[in-house]
Amino acid sequence: MNVLDGKVAIVTGGNSGIGFATVQAMTRAGATVAVADIQSRIREELDSEHTFYCQTDISKAEDVKQLMEQVHKRCGKIDILVNNAGVAFLGDSDTFPDAQWYKTIDVNLSGAFLCSKYVVPYMKQNGGGSIVNLSSVMGHVGAPRQVAYNASKSGILALTRCFAVEFAANNIRVNAVCPGFVETPMVLGSGEEQLNYLKGLHPMGRLAKPEEIANSILFLASDYSSFTTGAALMVDGGYTAQ
Ligand SMILES: NC(=O)c1ccc[n+]([C@@H]2O[C@H](COP(=O)([O-])OP(=O)(O)OC[C@H]3O[C@@H](n4cnc5c(N)ncnc54)[C@H](O)[C@@H]3O)[C@@H](O)[C@H]2O)c1
């Protein structure tokens, strides 16, 4: 038996990077997965038998409500939510564009809040569920030129703990994954010099592969982590152990 047999999952930002690897890992583990992404259509490589697409801007409450309704109508329940969609802008804090600050908070933090808020009633109705939020090592440390991103990822840790405590009695577990730097489009466009610098920040001397983060998400989404809630799992090649 596969660890997610019969489960219904939603992965936001499932069209790229960590989200894409997570959708693949979850379908291999037996789940049906709704890919919720702002892009106009689903990536062709995704297994069409066990995935379906819901174009969604997670920063818009109406879109998120529709997403939950659509998945519930189609599948009859929602077991797992992965709040993965995110954006990142770099810039000095004292000149950081206001619009980029609001965009980062709207997508990374408010988007995760809205998806969690609107999925909880369906999970309660279903007798429980598991929510996995994408934080980052950047939610734990300061870094230059990343003020909005790091603030959003720290906020995700607070969101995780609050939802975990509030809905533990409803058998809804809520956890965060905190990756180090990962080989995804968000990072790979940085240029060779920057990539070598980023690798050097990790004692393991390399970046993570998206599949390595997806495996940790799978663990937190599944019953293998049945007594884990409110946790922040570091998946960072030793970055924050230094
Ligand atoms: N890549 C890293 O090094 C790294 C490290 C730590 C944490 N993370 C976090 O992991 C998550 C995924 O990162 P990634 O590197 O795979 O990113 P990515 O840029 O490869 O993919 C992000 C996905 O989110 C979607 N998206 C963006 N805005 C959206 C919106 N408003 N509504 C719905 N979908 C939207 C994009 O279309 C894209 O498919 C993010 O939350 C990111 O902050 C990434």
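Before any of the text, the structure's been laid out above.
Residues numbered from 1 in each chain as written. Predicted model: local features only at pLDDT ≥ 70, side-chain atom pairs only at ≥ 80, totals over all residues. Heavy atoms only, no water.

Enquirer: Explain the side chain of Ser216 here, please?
Expert: Secondary-structure assignment places Ser216 in helix α7 (residues 210-221). Under the relative-accessibility criterion, Ser216 is labelled buried at 12%. Only 3.3 Å separates the side chain of Ser216 from the backbone oxygen of Glu212, close enough to count as a polar contact. Setting aside anything within four residues of it in sequence, one finds Ser216 in contact with Leu233 and Val235. (Helix = DSSP H or I, 4+ residues; strand = E, 2+ residues; numbered from the N terminus. Buried < 20%, exposed > 50% of the residue type's maximum accessible area, 1.4 Å probe, protein only. Polar contact = N/O pair within 3.5 Å; in protein donor to acceptor, adjacent residues only side chain to side chain. Contact = heavy atoms within 4.5 Å.)

Enquirer: Explanation requested: the site of the ligand in the structure shown.
Expert: Around the ligand sit 29 residues in total, of which Ser16, Asp37, Asn84, Tyr149 and Thr184 are the nearest. Contacts to the ligand include Ile38, whose backbone N or O atom sits 3.3 Å from a nitrogen atom. Protein contact buries 93% of the 830 Å² of open area that the ligand shows by itself. Judged by the proximity of its atoms to the pocket grid, the ligand belongs to the largest pocket. The set of elements that each furnish at least two residues to the shell around the ligand consists of α1 (17-28), α4 (147-167) and α5 (185-188). Residues belonging to the shell around the ligand are distributed by class as follows: 14 nonpolar, 12 polar and 3 charged. (Near = heavy atom within 4 Å. Areas by Shrake-Rupley, 256 points an atom, 1.4 Å probe, with all protein chains shown as cover. 1 Å grid on protein atoms, 1.4 Å probe; cavity = no way out; pocket = protein on both sides within 12 Å on 5 of 7 lines; lining within 4 Å. Sits in = over half its atoms within 2 Å of the grid points. Nonpolar A, V, L, I, M, F, W, Y, C, P; charged D, E, K, R; others polar.)

Enquirer: What should I look at first to understand unusual backbone geometry in this one?
Expert: The phi dihedral of Arg145 is positive, around 70 degrees, even though this residue is not glycine. Within the secondary structure layout, Arg145 lies in the loop between β5 (129-134) and α4. Take Arg145: its relative accessible area is 40%, and that puts it in the partly exposed class.

Enquirer: What's the story with a nonpolar patch on the surface in this structure? I'm lost.
Expert: Together, Val3, Phe219 and Tyr224 make up an exposed nonpolar region whose accessible area comes to about 310 Å². In this fold, Phe219 is placed in helix α7. Residue Phe219 is classed as partly exposed on the basis of its relative accessible area of 35%. (Patch = residues over 30% accessible without salt bridge, like charges linked within 9 Å, V, L, I, M, F, W, Y side chains within 5 Å. Salt bridge = Lys/Arg side-chain N within 4 Å of Asp/Glu carboxyl O.)

Enquirer: Would you take a moment to explain the layout of surface pockets for this structure?
Expert: To locate leftover empty space, one rolls a probe as large as a water molecule over the atoms. The computed volume of the largest pocket comes to approximately 1100 Å³. If you go around the largest pocket, you meet 45 residues; those closest to its centre are Val87, Ala88, Tyr149, Met186 and Val187. Broken down by secondary-structure element, the contributors of at least two residues to the lining of the largest pocket are α1, β2 (32-37), α3 (98-125), α4, α5 and α6 (192-200). Among the residues making up the lining of the largest pocket, the classes are represented as 25 nonpolar, 15 polar and 5 charged. Counted as a void, the second largest pocket has a volume near 180 Å³. In terms of lining, the second largest pocket is formed by 13 residues, of which the most central are Lys7, Gly129, Ser130, Arg173 and Asp223. Taken together, the residues of the lining of the second largest pocket break down into 3 nonpolar, 6 polar and 4 charged. (Points joined across faces, edges and corners; volume = space filled by probe spheres on them.)

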